[in-house]
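Results of the structural survey
These are the residues of each chain, in order.
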Amino acid sequence: MGNGPYFIVVEGLDGSGKTTQIEHLRDYFQARGEACYLTAEPTDLPTGKFIRRVLRGQEHVDPRTLAALFAADRVEHLFHATEGILTKLAAGYHVISSRYYFSSLAYQSEYVDPAWVANLNRLAKATLPADLTLFLDLDPAVSMQRITGRGEGSELYETLEKLRQVREDFHRAFAVYGQGERIVVVDAGDAEGRVAERIVAEIQKL
Ligand code: TMP
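Note that residues are indexed from 1 along each chain, following the sequence as it is written. Reporting of local features is limited, given that this is a predicted model, to residues whose pLDDT is at least 70; pairs of side-chain atoms are given and counted only at 80 or more, and all residues count toward the totals for whole chains, interfaces and linings. The side-chain numbers reported here are obtained from all heavy atoms of the structure, hydrogens and water having been left aside.

**What about the packing of helix H2 (residues 46-55) against helix H3 (residues 63-79)?**
All axes are obtained by fitting lines to C-alpha atoms, using only the stretch in contact for helices, and the reported angles, taken between N-to-C directions, cover 0 to 180 degrees. Numbered from the N terminus, helices here are DSSP runs of H or I no shorter than four residues, and strands are runs of E no shorter than two. Relative orientation of the contacting elements H2 and H3 amounts to 150°, with a least axis distance of 9 Å. Classified by the angle between their axes, H2 and H3 sit roughly antiparallel to one another. Note on packing geometry: the crossing formed by H2 with H3 is left-handed. Listed contacts from H3 to Thr47, Gly48, Phe50, Ile51 and Val54 of H2 are Leu66, Leu69, Phe70, Ala72, Asp73 and Glu76. In the scheme used here, Gly and all other residues not listed as nonpolar or charged are polar, with Ala, Val, Leu, Ile, Met, Phe, Trp, Tyr, Cys and Pro taken as nonpolar and Asp, Glu, Lys and Arg as charged. For the contact of H2 with H3, a count of residues per class yields 7 nonpolar, 2 polar and 2 charged. Working definition: roughly parallel below 35 degrees, roughly antiparallel above 145 degrees, roughly perpendicular at 65 to 115 degrees, and oblique for all remaining angles. Left-handed describes a crossing in which the near helix is turned anticlockwise from the far one by less than a right angle; the clockwise case is right-handed. Two residues qualify as a contact provided that any one of their heavy atoms is within 4.5 Å of a heavy atom in the partner residue.

**Overview of the site of the ligand**
It suffices for a single heavy atom of a residue to lie within 4 Å of a molecule or strand for the residue to be listed as near it. Lining the immediate surroundings of the ligand are 14 residues, of which Asp14, Arg74, Arg99, Ser104 and Gln108 lie closest. The separation between an oxygen atom of the ligand and a polar side-chain atom of Arg74 is 2.8 Å. Under this definition, polar contacts are N or O atom pairs within 3.5 Å; protein pairs additionally need one hydrogen-donor-capable and one acceptor-capable atom, and for neighbouring residues in sequence, both atoms have to be side-chain atoms. Ser104 places a polar side-chain atom, nitrogen or oxygen, 2.6 Å from an oxygen atom of the ligand. Residue-level accessible areas treat just the shown protein chains as cover; the underlying method is Shrake-Rupley with a 1.4 Å probe. Calculation on the ligand without its partners gives an accessible area of 480 Å², and the protein chains cover 91% of this total. Here the shell around the ligand is composed, by residue class, of 5 nonpolar, 3 polar and 6 charged.

**Considering the packing of aromatic side chains**
Note on ring pairs: Phe, Tyr and Trp rings are taken, using the six-membered ring of Trp, and paired if centres are within 6.5 Å. Classes follow the plane angle, with under 30 degrees stacked, over 60 edge-to-face and the rest tilted. The full count for this structure, using the stated rule, is 9 aromatic pairs. Here the aromatic rings of Tyr101 and Phe102 are separated by 5.2 Å at their centres, their planes lie at 50°, and the arrangement is tilted. An identical accessibility class is assigned to Tyr101 and Phe102; each is buried. Taken together, the ring pairs connect Phe7, Tyr100, Tyr101, Phe102, Tyr107, Phe135, Phe170 and Phe174 into an aromatic cluster. Lys88 extends its terminal NZ or CZ atom over the ring of Tyr37, reaching a point 4.5 Å from the ring centre. The criterion for a charge sitting over a ring is simple: Lys NZ or Arg CZ within 6 Å of the ring centre, and within 35 degrees of the ring normal. For the cation-ring pair, Lys88 lies above Tyr93, with the distance from its terminal atom to the ring centre recorded as 5.7 Å. Whether a residue is buried, partly exposed or exposed follows from its accessible area with a 1.4 Å probe, protein chains only, as a fraction of its type maximum: under 20%, in between, or over 50%, in that order.

**Re the pattern of salt bridges**
Oppositely charged side chains can pair when the atoms bearing their charge come close. The term salt bridge refers to a pairing of a side-chain nitrogen on Lys or Arg with a carboxyl oxygen on Asp or Glu at a separation within 4 Å. Counted by the stated rule, this structure contains 13 salt bridges. Between Glu59 and Arg53 there is a salt bridge; the shortest N-O distance is 3.1 Å. The closest approach of N and O atoms between Glu168 and Arg172, which form a salt bridge, is 3.8 Å. Here Arg172 and Glu168 lie together in helix H9 (residues 160-177), a separation of 4 residues that amounts to about one turn. Residue classification places Glu168 among the partly exposed positions, given a relative accessible area of 46%. Residue Arg172 is classed as partly exposed on the basis of its relative accessible area of 45%. A single salt-bridge network, built from bridges that share partners, covers Glu168, Asp169 and Arg172.

**Structural notes on H9**
Compared with the 26 Å implied by 1.5 Å per residue over 18 residues, the 25 Å span of H9 between its first and last C-alpha is a close match. For H9, the complete set of buried residues consists of Leu163, Val166, Asp169, Phe170, Ala173 and Phe174. Down the axis, H9 shows its buried residues gathered within 140° of arc, on one side only. Every exposed residue of H9 that faces more than 90 degrees away from the buried side is listed here: Glu161 and Ala175. A helix is expected to reach a length of 1.5 Å times the quantity of its residues less one. By construction, the arc corresponds to the directions joining the helix axis to the C-beta atoms.

**Description of a nonpolar patch on the surface**
Patch definition: residues above 30% relative accessible area lacking any salt bridge, with like charges linked at up to 9 Å and the nonpolar side chains Val, Leu, Ile, Met, Phe, Trp and Tyr linked at up to 5 Å. The grouping of Val75, Phe79 and Leu123 at the surface amounts to a nonpolar patch, some 250 Å² of accessible area in total. In this fold, Leu123 is placed in helix H7 (residues 122-127).

**What about the pairing of strand S4 (residues 132-137)?**
When you tally the buried positions in S4, you get 6 out of 6 residues, the bulk of the element. The alternating pattern of S4 places Leu132, Leu134 and Leu136 and Thr133, Phe135 and Asp137 on opposite faces, both of which are buried. DSSP bridges decide pairing: two strands pair if at least two such bridges lie between them. With 5 bridges connecting them, strand S1 (residues 7-12) and S4 associate as parallel partners. Following the sheet pairing, Gly12 is matched in S4 by Leu136. With 5 bridges joining them, S4 and strand S5 (residues 183-187) adopt parallel strand pairing. Residue pairing for S5: Leu136 is matched across the bridge by Val186.

Structure below.
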């Protein structure tokens, strides 16, 4: 492993274990005495909060507006003066984000022209592609079971048919827009500890 700090993105379907694995990764860095900053999209910044309201059905916007909102939230996420990813990296933290632009390419492409979504996200890709994107790949049926088990009520994307589509769209997005990036698909159906080991092995290659 080089010196970093690294920007690591964890992508995956809802229920694929992103939060748990990100916590394992934080523990790994902490055990090495390396500071890391955990973050997520949609963010807790104003645009991200508005997006959550849309996802919960409390606000209604055109799907194209939602795609633009995710891209706007990402700009805030990158450039925010105190909470931004660039600020945290400059301060020496490894930054681990649950989701980044591949989520937009996968989820928004279902409703919105994928090329336009890619265009909206060009700034983020040009400014800061992740050093490593981990895709926690999970059978959509298992993802659905986990979501239902959580009992959190369903958000916009949480039906089996949609999850299947999104999984396909993730794989397509990596193939089409991931050139030159380090993207690793991890089998998230494995035991939690195995998945964590697999992820650490990928970090050690950086
Ligand atoms: P979360 O469950 O990881 O908090 O994400 C909330 C939802 O937002 C999830 O269903 C995926 C969706 N999403 C998009 O549709 N596009 C995006 O760009 C991002 C970051 C998330």
